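These are the residues of each chain, in order.
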Amino acid sequence: MADQDSRAGSRYTTGELLDFTNRVHAAHDAGLSAAFDAPGREDMPAIQVGASEGKTLEILMQMIGAKKIVEVGTLAGYSAIRLARGMADGGMVWTIEFDPRHAEVARANIETAGMADDIEVLVGAGVDVLPTLEAHGPFDAVFIDADKGNYDKYGIWAADNLRVGGLLIGDNAFYFGELLNESKPEAAAMRRFHEQAAERFDSVCVPTPDGMLLGVKR
Ligand code: SAH
Ligand code: DHB
Ligand code: MG
């Protein structure tokens, strides 16, 4: 039974194995590598999703025929490009970024990837910008990847603004391994995000390196 025990975590995972599966399934073309490599080039934190998580976003958008997607946390545009590549023709990604310099780098990468008409980068804090997007809703997918202390608020916004069958996705759902830390307010917000998601979505936390919460709106 030990092999089936999810608490065994990454006992089979090695760097070489992940290199192989990333290369076979989630390789980068020029557009994706420009965005993925930008944080290293531009003195920004390299905290973009991994190649396999990025491809997962793309596949999920394909599966639900997503046309209206909201992202909180753009960085250099890598995950936004992944989301946009998976969406149906005529779709749109609205991605929110607090740091104007990150937004500028992201816009350049999005242009390079040929997706300037498909992705709109909005500068501001998620909690301030999300209400301005509501008129475009209901949305097919919401991807949360910034401002961990407000994940609970973002999750409620998503539940209120997704269509039935729409998808909530939350990166860093293990909160860097600190999810159960009782002394960190951000960890408590992340636990509320999980609990509220379980109430309003069919949900699961996929054990990626730092956890990815998935919820289908009821
Ligand atoms: N989703 C990106 C990575 C996002 S990293 C990818 O995988 O490619 C988190 C980003 O969120 C950073 O660029 C940071 O500047 C931004 N950010 C931080 N706080 C924010 C907030 N309150 N609202 C919007 N963006 C925020
Ligand atoms: C950080 C943020 C992320 O979204 C992530 O996936 C990894 C690290 C950070 O703020 O350090
Ligand atoms: Mg993240």
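For the structure given in this document, a descriptive report is provided here. Given the structure is predicted, the values throughout are model-derived calculations rather than measurements. (Residues numbered from 1 in each chain as written. Chains lettered and ligands numbered in written order. Predicted model: local features only at pLDDT ≥ 70, side-chain atom pairs only at ≥ 80, totals over all residues. Heavy atoms only, no water.)

## A closer look at the overall build of the protein
Then, number 1: Broken down by element type, the protein carries 8 helices and 7 strands.
Then, number 2: Structurally, the protein occupies a C-alpha span of about 50 × 40 × 35 Å along its principal axes.
Then, number 3: In the protein, buried positions account for 47% of the 218 residues.
Then, number 4: Across the protein, every contact between residues at least 6 apart in sequence was considered, and the portion connecting residues at least 24 apart equals 68%.
Then, number 5: Carbon and sulfur atoms form 54% of the exposed surface of the protein, whose accessible area is close to 10,800 Å². (Helix = DSSP H or I, 4+ residues; strand = E, 2+ residues; numbered from the N terminus. Buried < 20%, exposed > 50% of the residue type's maximum accessible area, 1.4 Å probe, protein only. Contact = heavy atoms within 4.5 Å. Areas by Shrake-Rupley, 256 points an atom, 1.4 Å probe, with all protein chains shown as cover.)

## Details of the site of ligand 2
Then, number 1: Near ligand 2, the surroundings consist of Ile-47, Asp-145, Lys-148, Asp-171, Asn-172 and Phe-176.
Then, number 2: Between ligand 2 and Lys-148 there is a distance of 2.9 Å, counted from an oxygen atom to a side-chain nitrogen or oxygen.
Then, number 3: For ligand 2, an oxygen atom lies 3.1 Å from a polar atom in the side chain of Asp-171.
Then, number 4: Summarising the interface, the protein chains cover 62% of the accessible area of ligand 2, which totals 290 Å² for the free molecule.
Then, number 5: Residue classes in the shell around ligand 2 are distributed as 2 nonpolar, 1 polar and 3 charged. (Near = heavy atom within 4 Å. Polar contact = N/O pair within 3.5 Å; in protein donor to acceptor, adjacent residues only side chain to side chain. Nonpolar A, V, L, I, M, F, W, Y, C, P; charged D, E, K, R; others polar.)

## Some remarks on helix α7 (residues 151-161)
Then, number 1: Among the 11 residues in α7, 8 count as buried, and that is most of the element.
Then, number 2: Of all the positions in α7, only Tyr-151, Asp-152, Tyr-154, Gly-155, Trp-157, Ala-158, Ala-159 and Asn-161 are classed as buried.

## Observations regarding the site of ligand 1
Then, number 1: The full set close to ligand 1 counts 21 residues, and Gly-73, Ser-79, Glu-97, His-102 and Asp-145 are the nearest of them.
Then, number 2: Within the contact set of ligand 1, a nitrogen atom lies 2.8 Å away from a backbone nitrogen or oxygen of Gly-73.
Then, number 3: A distance of 3.5 Å separates an oxygen atom of ligand 1 from a polar backbone atom of Leu-75.
Then, number 4: Along the lines of polarity and charge, the residues of the shell around ligand 1 split into 9 nonpolar, 7 polar and 5 charged.

## Points about the pairing of strand β2 (residues 92-97)
Then, number 1: Burial analysis of β2 places 5 of its 6 residues in the buried class, which makes it a mostly covered element.
Then, number 2: As paired strands, strand β1 (residues 68-72) and β2 are joined by 5 bridges and run parallel to one another. Across the sheet, residue Ile-69 finds its bridge partner in β2, namely Val-93.
Then, number 3: Regarding topology, helix α4 (residues 78-86) serves as the crossover connection from β1 to the parallel β2, and that connection is right-handed.
Then, number 4: Across 5 bridges, β2 lies against strand β3 (residues 119-123) in parallel orientation. Paired with Thr-95 across the bridge in β3 is Val-121.
Then, number 5: Of the crossover connections in this fold, the one passing from β2 over helix α5 (residues 100-112) to the parallel β3 is right-handed. (Pairing = 2+ DSSP bridges. Right-handed = clockwise from strand over helix to strand, strands pointing away.)

## Some remarks on the side chain of Gln-48
Then, number 1: As for its placement among the helices and strands, Gln-48 is situated in the loop between α2 (30-41) and α3 (51-64).
Then, number 2: Classification of Gln-48 by relative accessible area gives buried; the value is 19%.
Then, number 3: Polar contacts involving the side chain of Gln-48 include one to the main-chain carbonyl oxygen of Phe-36, which spans 2.5 Å.
Then, number 4: If sequence neighbours within four positions are ignored, Gln-48 has contacts with Phe-36, Pro-39, Leu-75 and Tyr-78.

## Observations concerning the environment of Ala-103
Then, number 1: With respect to the helices and strands, Ala-103 occurs in helix α5.
Then, number 2: The exposure class of Ala-103 is buried, given its relative accessible area of 0%.
Then, number 3: As a C-alpha pair, Ala-103 and Val-121 span 18 residues in sequence and 6.5 Å in three-dimensional space.
Then, number 4: Contact partners of Ala-103, with chain neighbours within four places excluded, come to Leu-75, Glu-97, Val-121 and Val-123.

## Here's the deal with the coordination of the magnesium ion (ligand 3)
Then, number 1: Every protein donor of the magnesium ion (ligand 3) is accounted for by Asp-145 (OD), Asp-171 (OD) and Asn-172 (OD1), and the metal-donor separations fall at 2.0 to 2.1 Å.
Then, number 2: Sequence positions of the residues that donate to the magnesium ion (ligand 3) give the spacing D-x25-D-N. Accessibility assignment for this pair places Asp-171 and Asn-172 in one class, buried. (Donors = N, O, S within 2.8 Å, 3.2 Å for Na, K, Ca; no water.)

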